[in-house]
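Each chain is listed here by its residues.
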Amino acid sequence: MHGAKTLLGSATPSIETYYKAQSGKWGLVELTERYEGAELPEIEIVDMTRARRSGAASGAFARSTVEMADMALSRGEQVIFFHNRRGYAPMARCKQCAWTPKCEHCDVTLTVHRRLNQLVCHYCGAMYPIPSVCPSCHEPSIEIIGYGTERVEDEVEERFPSAKMLRMDLDTTRNKDAYENIIEDFSAHKADILVGTQMVTKGLDFGDVSLVGVLNADAIINFPDFRSTERAFNMLAQVSGRAGRREGREGKVVVQTAQPSHPVIGFLKAHDYQGYYEYEIAERERFLYPPFTRVIYIYLKHRDARVIDELAVRYGSMLRGLLGNRVFGPEEPHVGRVQSMYIRKIMIKLETAASPKRVKDILRQAQIDFYGKPDTKGLIVYYDVDPQ
């Protein structure tokens, strides 16, 4: 709008951004070493499947992770444990009949929050009591499955009883200034261990941190989206960058995963952004995803599952008549119902040379025509252009 110069800076640029820089559309300046000559941290991969089989892992931690943390703490250094799931545990389940509590308004399992002593839906915020007896088989056999940051915090307190600890996630940073206070306290070494979600991954400069532990890399990698590996590599590389940020302080990162042979893990271990980019750009070109196309997601929402299925099929057919084989779907997204609204998704892949104005006009007119039909009452349509 104003002809201003723009500078984008990142250790892990998005695939589209780097593609534009590589192709000469944008300028590129690279910093090939860390500030003050600090060395990149050594990354150690722990195969959690093998560790659990051999008894070298219990709870959220492998034995080697605990040993490395103990050594760092004994030298007066700090440790960050990264776990990208808040709450106490991702789900509760009946041991007898496998009943799992789900939100009444959303198609998601409820997360256990021990501090609140509630089951919480992370999509609509609804809260439910934790049952002591299974409502399905009426047995007192409810168990807690998995780990969130609250449960990791409890385990850290148990394994490192003499260490002071802070937790940084959405639940601990709701209050005014809470985020800044946690960062200031950890920077001032008022705590030895910081447990956190993705809030701890970017832009934080802690000089005394020598070890970063990624407790479950698989939860980030395994997500049904074409950007899942990009998000995983970026997040893991960024959190790895919190270790050893001062000259003379050797940094180490330990990544716990059940998929040590996954390509993302290999590129991460080698600090090889260029190699990851080449791998990912080949996949994007093969399956025609950005930057080789532009993607638009169209979401349709309705309170009646039968109605939304019928309307979504008709809307998809109408768009195919206008845009041909560029239209895919409809399909049910990863979470098919939120706040009692059923959701269906249509994807459009457009050539990069396609006129945005022309496409916009086509989609606007299609929506107007579709809304003009008598049976579309209660339908909501919205768009996500170039989804991130």
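Residues numbered from 1 in each chain as written. Predicted model: local features only at pLDDT ≥ 70, side-chain atom pairs only at ≥ 80, totals over all residues. Heavy atoms only, no water.

## Focus: the sheet that holds strand β12 (residues 209-214)
Put simply, the rule is: When DSSP finds two or more bridges between two strands, those strands count as paired. The helix count covers DSSP runs of H or I at least four residues long, the strand count covers runs of E at least two residues long, and both are numbered beginning at the N terminus. Here, axes are lines fitted to C-alpha atoms. For helices the fit covers the stretch in contact, and angles between N-to-C directions go from 0 to 180 degrees.
Across the sheet, six strands lie side by side as β1-β13-β12-β4-β11-β10; this open sheet has parallel pairing. Since the sheet does not close on itself, it has two edges, and those belong to β1 (42-47) and β10 (165-168), each with one partner. Across the sheet, the mean angle from the axis of one strand to that of its neighbour is 15°, orientation sign disregarded. Sheet topology places β1 next to strand β13 (residues 252-257); six bridges connect them, and they run parallel.

## A few points about the side chain of Q238
Condition: A simple rule labels every residue: compare its accessible area, found with a 1.4 Å probe on the protein chains alone, to the largest value its type can have, and call it buried under 20%, exposed over 50%, or partly exposed in between. In what follows, residue pairs with any heavy atoms lying within 4.5 Å of each other are defined as contacts.
Note that Q238 resides in helix α7 (residues 228-240). With relative accessibility at 9%, the residue Q238 sits in the buried group. If we skip the residues at most four places from it in the chain, Q238 touches S10, A11, T12, T201 and K202.

## Some words on the nonpolar core
Note the threshold: We call a set of buried residues a nonpolar core when its members are Ala, Val, Leu, Ile, Met, Phe, Trp, Tyr or Cys and they connect through side-chain atoms within 4.5 Å of each other.
Counting 37 residues, the largest nonpolar core has I80, F82, L194, F206 and V255 as the members making the most contacts within it. A total of five residues in this core trace back to one element, the largest contributor, which is α7. Residue contacts for V255: discarding those within four places in its chain leaves I43, E44, I45, V46, V214, A217, I265 and L268. If you look at the next biggest cluster of nonpolar residues, it comprises 26 residues, including A51, V79, Y147 and A163.

## As for helix α10 (residues 305-323)
Applicable threshold: The span you would expect from a helix comes to 1.5 Å times its residue count less one. Arc definition: directions from the helix axis to the C-beta atoms. Pairing of N or O atoms within 3.5 Å defines a polar contact, subject to two protein rules: one partner must be a possible hydrogen donor and the other a possible acceptor, and residues neighboring in sequence count only if both atoms are side-chain atoms.
Look at α10: 26 Å from first C-alpha to last across 19 residues, which is about the 27 Å you get at 1.5 Å a residue. Within α10, the full set of buried residues consists of V307, I308, L311, A312, Y315, G316, L319 and L323. Around the axis of α10, the buried residues are gathered within 155° of arc, so they sit on the same side. With respect to the buried face of α10, the exposed residues turned more than 90 degrees away are R306 and G321. Packed against the buried residues of α10 are β14 (293-302), β15 (327-331), β17 (341-351), α11 (356-371) and β18 (380-385). Where α10 begins, one side-chain oxygen reaches toward the backbone nitrogen of R306, 2.9 Å away; that side chain belongs to D304.

## Considerations on the packing of helix α1 (residues 15-22) against helix α9 (residues 273-287)
Keep this limit in mind: Just so you know how the angles are binned, under 35 degrees is roughly parallel, over 145 roughly antiparallel, 65 to 115 roughly perpendicular, and the rest oblique. Amino acid classes used here: Ala, Val, Leu, Ile, Met, Phe, Trp, Tyr, Cys and Pro are nonpolar; Asp, Glu, Lys and Arg are charged; the rest, including Gly, are polar.
The geometry of α1 relative to α9 is characterised by a closest axis approach of 11 Å and an angle of 100° between their N-to-C directions. Our classification of the angle between α1 and α9 gives roughly perpendicular. Judged by residue contacts, I15, E16, Y18, Y19 and Q22 of α1 engage Y273, Q274, Y276, Y277, E280, I281 and R284 from α9. Of the residues belonging to the contact of α1 with α9, the class tally is seven nonpolar, two polar and three charged.

## A word on the packing of α10 against α11
Our working rule: By convention, the crossing between two helices is left-handed when the near helix turns anticlockwise from the far helix through less than a right angle, and right-handed when the turn is clockwise.
Packing of α10 against α11 brings their axes to within 11 Å, and their N-to-C directions diverge by 140°. Our classification of the angle between α10 and α11 gives oblique. As for the relative orientation of α10 and α11, their crossing is right-handed in sense. Within the contact between the two elements, α10 uses L311, R314, Y315, M318, L319, L322 and L323 and α11 uses I362, L363, A366, Q367 and F370. Grouping the amino acids of the contact of α10 with α11 by side-chain chemistry returns ten nonpolar, one polar and one charged.

## Quick look at the confidence of the model for the chain
Here is the rule: As a per-residue measure, pLDDT tells how confident the predictor is, with possible values from 0 to 100.
Here the chain shows a mean pLDDT of 90. Residues at 70 or above account for 97%. Per-element confidence in the chain ranges from a low mean pLDDT of 85 for helix α6 (residues 218-221) to a high of 96 for β17.

## Looking at the packing of aromatic side chains
Applied cut-off: Any Phe, Tyr or Trp ring, taking Trp's six-membered ring, that has another such ring centre within 6.5 Å forms a pair; planes under 30 degrees apart are called stacked, those over 60 apart edge-to-face, and the others tilted.
All chains considered together, the criterion is met by 15 aromatic pairs. On the basis of an interplanar angle of 15° and a centroid distance of 4.6 Å, the ring pair of F226 and Y289 is categorised as stacked. In this pair, F226 sits in the loop between α6 and α7 while Y289 sits in the loop between α9 and β14, placing the two residues 63 residues apart along the sequence. Arranged with centres 6.2 Å apart and planes meeting at 75°, the rings of Y297 and Y299 form a pair that is edge-to-face. In this structure Y299 comes out as buried when scored by relative accessible area, which is 15%.

## Brief notes about unusual backbone geometry
For the bond from P290 to P291, the omega torsion is 15°, close enough to zero to count as cis. Positionally, P291 belongs in the loop between α9 and β14. With omega at 15°, the peptide bond leading from G329 into P330 counts as cis. For P330, the position within the fold is in strand β15. Positive phi outside glycine occurs at H138, with the angle close to 65°. Owing to a relative accessible area of 59%, H138 belongs among the exposed residues under this scheme.

## So, the side chain of S228
Within the fold, S228 resides in helix α7. Beyond its immediate sequence surroundings of up to four residues, S228 is in contact with I220, I221 and F223.

## Brief notes about a nonpolar patch on the surface
Rule in force here: Patches were defined on residues exceeding 30% relative accessible area and lacking a salt bridge, with like-charge contacts within 9 Å and nonpolar side-chain contacts (Val, Leu, Ile, Met, Phe, Trp, Tyr) within 5 Å. Accessible areas in this description were obtained via Shrake-Rupley with a 1.4 Å probe; residue shielding takes into account the shown protein chains only. For this analysis, a salt bridge means a side-chain nitrogen from Lys or Arg found within 4 Å of a carboxyl oxygen belonging to Asp or Glu.
On the surface, a cluster of nonpolar side chains totalling about 250 Å² of accessible area is made up of Y371, I380 and Y382. I380 sits in the partly exposed class, given a relative accessible area of 39%.

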